[in-house]
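An overview of the molecular structure
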Amino acid sequence: MMHHEFQAARQAALLTRAAQRRLVREAQQANKAARNGADSTLGTGSRKLFFRVA
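These numbers were taken from a predicted model, which means no experiment stands behind them.

It is worth spelling out the overall build of the protein at this point. Within the protein, the secondary structure is distributed over two helices and zero strands. Across the 54 residues of the protein, 2% fall into the buried class. Approximately 5200 Å² of the protein is accessible, and the part contributed by carbon and sulfur atoms is 58%.

As structure tokens, this is what we get:
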């Protein structure tokens, strides 16, 4: 394999891993948003109680 082919393969692998991490992060954020939307009431352990501005 020539040097530029090796570099291109490494770059492709790097971009693939970055895209996978981004997809996982977006899925986690969507899951968190869905849970927060379904659980919109303030619970006793909620941080919203501490940071609420009246």
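Let's shift gears to a positive patch on the surface. A surface patch of like charges, here positive, comprises Arg10, Arg17, Arg21, Arg22 and Arg25. Along the chain, Arg17 falls in helix α1 (residues 3-38).

What counts and how
Residues numbered from 1 in each chain as written. Predicted model: local features only at pLDDT ≥ 70, side-chain atom pairs only at ≥ 80, totals over all residues. Heavy atoms only, no water. Helix = DSSP H or I, 4+ residues; strand = E, 2+ residues; numbered from the N terminus. Buried < 20%, exposed > 50% of the residue type's maximum accessible area, 1.4 Å probe, protein only. Areas by Shrake-Rupley, 256 points an atom, 1.4 Å probe, with all protein chains shown as cover. Patch = residues over 30% accessible without salt bridge, like charges linked within 9 Å, V, L, I, M, F, W, Y side chains within 5 Å. Salt bridge = Lys/Arg side-chain N within 4 Å of Asp/Glu carboxyl O. Lys, Arg positive; Asp, Glu negative; His and termini not counted. Charge placed at Lys NZ, Arg CZ, Asp CG, Glu CD.

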